[in-house]
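Survey of secondary and tertiary structure
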Amino acid sequence: MTPVDQALLQAKQLHKRGDLDSAEAAYQQALAAQPEHADALFFLGLLRHDRGDNTGALELMQRAIALRPDVAAYHFNIGTFFAATGRNEEAVAAYRRAIALDPSQSGPHNNLGLMLQELGRPDEAAESYKQALKLMPPEQAAPVLSNLANALQELGRTRESIERYAMAMALSPQNPVAHSNYVFALNYLAKPDRAAIFAAHRKYAERFERPVTRLAPRAPRQHAADGAPLPLRVGYVSCDFRRNAVAHFIEPVLAHHDRRRVEVFCYSNHTIVDDVTRRLKGVAHHWRDVADLSDDEAARLVREDGIDVLIDLTGHAGNDRLMLFARKPAPVQATWIGYPNTTGLSSIDYRITDALCDPPGQSEAFHTEKLFRLPDCFSCFQPPTEAPEVGPLPATAANRITFGSFNNLLKISPEVVEVWSRILNRVPGSRLILKSRNFHSPSMQALIRAAFAKHGVSGDRLDLLGSDADHAAHLGCYNHVDLGLDPFPYNGTTTTLDALWMGVPVITLAGESHVSRVGVSQLTNIGLPELIARDKDEYVEIAAALAGDLPRLAAMRKGLRQRMRQSPLTDAPRFTRHLENAYQSMWDAFVAERKP
């Protein structure tokens, strides 16, 4: 081994141990002896990336690739660098080059799939994952099976995705992420078995919550000097304190909390900081970043903060901290808005909902939590300030009805396509606008057109729109829609409220569980229960009747924004008082249970 190779080996070992200063010195020693040593340049580039110097990192890695362009590992690693820095198209190109140079490695195929999925091309992603699975030992396949399941779910192939999640769980039974993904996917089944879905959530808790040691009960906080009770300390835990649908619902609450009643702590479980994050930081009383903390560390922090009521805003919807809640760091714990079902955890005491989404007597048996039903509605929407004005009814000028749905494609199941096709066939000349980030992909457009073609709807009756550069442009697209269609069984939430704010009435199909009754709650709360269908046939009838009554549609469009302004759905002060009353009731019940 040459002195240069010895210095490089030492540098890699130091780098792996995290001694970046010594590692960099060793890389520089190798380069001093051989300035054009490609490996030394490339791995020094990776180290610079670890230190946050992305410009310097890229320059070094590109110099190495120029010297040795046929090293597959260089292209794989620079692809990972591009992915980490948000340069997704360049990451795709780098992974493809790595595969071309060495098609026998599973890593580039898997990472290529991740990038394709991030770019809204789940069909291509699924093929990459399948190729990765062919190249790896079956016992190591759990993460890639989960990735494949994610892609299949996004394609609306729910049962296939559930099968892959189950396979991943079997291979990696101690992986809570795979199990959470599995139970989340069950909510999308066209014909859900509520008892079986509840059992799957309980099995998650048995496997992952039961072994966790709960913290010992903490001593009650003292009263103020004058003997008055202190404000309740309420903690919100979320990965979505950023530009995300959840922010539309938590921001108005944070802004309207009464500091005399509630002292708010936000525990942010994400590293992204954007304009929404900065706004939320401005209205929260205390802010804690916990993304880099273990569950034990985060639980100790919550306990040290003296939190009385801790609220989960994620559930099983991804990047959760349910095992933080399993440690019971707060006396009272609840889940709200992030997930439309039970968590399955015994350590979470309440699930916050309303009587429309979870009618009394119909949901209790399928929850480990007590259901706390708020008056009116379970959430409050902050209307987007950037929304354009509501335009005139498009059908008046176009002389045809345009239906629309801007929901994620994974909600557009084969059953939804069948019913929406019936509507289009029932209303001659009508069109359907679907809007999803996936439709930037021509192959995804071809898939959805083929799905409708099976039911006699030609592809030229569909307008398939991708995502826009900003939210204002996205909302402006509603000015081309006459009548919105809510998917089922997994209803829209933010998408429905956006549509209503933009003057577009939305037809929903009432189901049995929360996930399929969000539309019931929203439409009832703005006084439009006539848009709620009891079955698929009535759903079609309501759509056809409205499509044939343009004066009524035009009148509804003109008055919808004002309806929203006057409804409980956007009355943040009123809603927040209800929520604070709920927290106080939960706390009072806890105190009462502790009394001898």
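For the structure, check the block above.
To keep things clear, this report deals only with the structure shown in the data block.

Criteria and cut-off values
Residues numbered from 1 in each chain as written. Predicted model: local features only at pLDDT ≥ 70, side-chain atom pairs only at ≥ 80, totals over all residues. Heavy atoms only, no water. Helix = DSSP H or I, 4+ residues; strand = E, 2+ residues; numbered from the N terminus. Rg over C-alpha atoms; globule rule 2.2 N^0.38 Å. Buried < 20%, exposed > 50% of the residue type's maximum accessible area, 1.4 Å probe, protein only. Areas by Shrake-Rupley, 256 points an atom, 1.4 Å probe, with all protein chains shown as cover. Pairing = 2+ DSSP bridges. Contact = heavy atoms within 4.5 Å. Axes fitted to C-alpha atoms, helices over the stretch in contact; angles between N-to-C directions. Salt bridge = Lys/Arg side-chain N within 4 Å of Asp/Glu carboxyl O. Arc of directions from axis to C-beta. Right-handed = clockwise from strand over helix to strand, strands pointing away. Core = buried A, V, L, I, M, F, W, Y, C linked by side-chain atoms within 4.5 Å. Parallel < 35°, antiparallel > 145°, perpendicular 65-115°, else oblique. Left-handed = near helix turned anticlockwise from the far one by under 90°. Nonpolar A, V, L, I, M, F, W, Y, C, P; charged D, E, K, R; others polar.

1. Remarks on the overall build of the protein
Of regular secondary structure, the protein possesses 25 helices and 13 strands. Relative to a compact globule of 596 residues, whose C-alpha radius of gyration would be 25 Å, the protein shows 26 Å and is just as compact. Dimensions along the principal axes, computed over C-alpha positions, put the protein at roughly 85 × 70 × 45 Å. The buried share of the protein, taken over its 596 residues, is 55%. Within the structure as shown, the protein displays about 25100 Å² of accessible surface, and the carbon and sulfur contribution to it stands at 52%.

2. Topic: the sheet that holds strand S13 (residues 532-533)
The six strands are arranged S10-S9-S8-S11-S12-S13 in an open sheet whose pairing can be described as parallel. Since the sheet does not close on itself, it has two edges, and those belong to strand S10 (462-465) and S13, each with one partner. Pairing analysis gives four bridges linking strand S8 (residues 402-405) to strand S9 (residues 431-435), with the strands arranged parallel. Its bridge partner being in S9, Gly404 is matched across the sheet by Ile433. Along the sheet, helix H23 (residues 536-547) contacts S8, strand S11 (483-485), strand S12 (506-509) and S13; its crossing angle with S12, the most-contacted strand, is approximately 170 degrees.

3. Overview of helix H21 (residues 494-501)
Within H21, eight of the eight residues are buried, leaving the element largely enclosed by the surrounding structure. Among all positions of H21, only Thr494, Thr495, Thr496, Leu497, Asp498, Ala499, Leu500 and Trp501 are buried. Immediately beyond the C-terminal end of H21, within one or two residues, lies Gly503, with a positive phi of roughly 85 degrees.

4. Quick look at the pattern of salt bridges
Scanning the entire structure with this criterion turns up 36 salt bridges. Between Lys130 and Glu127 there is a salt bridge, with its nearest N and O atoms 3.6 Å apart. With Lys130 and Glu127 both in helix H8 (residues 122-134) and three residues apart, the pair spans about one turn of that helix. Judged by its relative accessible area of 48%, Glu127 falls in the partly exposed class. The closest approach of N and O atoms between Arg243 and Asp275, which form a salt bridge, is 2.6 Å. Taken together, the positions of Arg243 in the loop between strand S1 (232-238) and helix H13 (247-256) and Asp275 in helix H14 (residues 275-283) put the pair 32 residues apart, joining distant regions of the chain. A residue is classified by how much of its surface remains accessible, and Asp275, at 32% relative accessible area, is partly exposed. What emerges from the salt-bridge pattern is a single network uniting Asp21, Glu24, Arg48 and Arg51.

5. Some remarks on helix H15 (residues 295-304)
Looking at H15, one finds that the buried residues are Ala298, Ala299, Leu301 and Val302. Along the axis of H15, the buried residues cluster in a sector spanning 160 degrees; they form a single face. Packing partners of the buried residues in H15 comprise strand S2 (262-268), strand S3 (286-289), strand S4 (309-312) and helix H16 (322-326). Where H15 ends, the next residue or the one after it, Gly306, has phi of about 65 degrees, a positive value.

6. Details of the pairing of S12
Covered by surrounding structure in S12 are Val506 and Thr508 together with Ile507 and Leu509, the residues of both alternating faces. Relative to S12, S11 runs parallel, the two sharing two bridges. The residue bridging Leu485 from the neighbouring strand is Ile507, located in S12. Handedness of the crossover is the feature at issue here: the chain leaves S11, passes through H21, returns alongside S12, and the resulting connection is right-handed. Sheet topology note: the S12/S13 ladder contains two bridges and is parallel.

7. Describing the nonpolar core
Counting 102 residues, the largest nonpolar core has Tyr236, Trp336, Phe403, Trp420, Phe452, Tyr539 and Tyr583 as the members making the most contacts within it. A per-element tally of this core places helix H25 (residues 572-594) first, with eight residues. Non-local contacts of Tyr539, meaning those with residues more than four positions away in its chain, are made with Val419, Trp420, Ile423, Leu485, Asp486, Phe488, Ile507, Thr508, Leu509 and Ala533. By size, the runner-up hydrophobic cluster in this structure holds 67 residues, among which are Tyr27, Leu112, Met136 and Ala200.

8. Observations concerning the packing of helix H3 (residues 38-50) against helix H4 (residues 54-67)
Between H3 and H4, the shortest axis-to-axis distance is 7 Å and the interhelical angle comes to 160 degrees. Classified by the angle their axes make, H3 and H4 are roughly antiparallel. Crossing of H3 over H4 shows left-handed handedness. Side by side, H3 and H4 meet where Ala38, Leu41, Phe42, Leu44, Gly45, Leu46, Arg48 and His49 of the first sit next to Asn54, Ala57, Leu60, Met61, Arg63, Ala64, Ile65 and Leu67 of the second. Split into classes, the residues belonging to the contact of H3 with H4 amount to 11 nonpolar, three polar and two charged.

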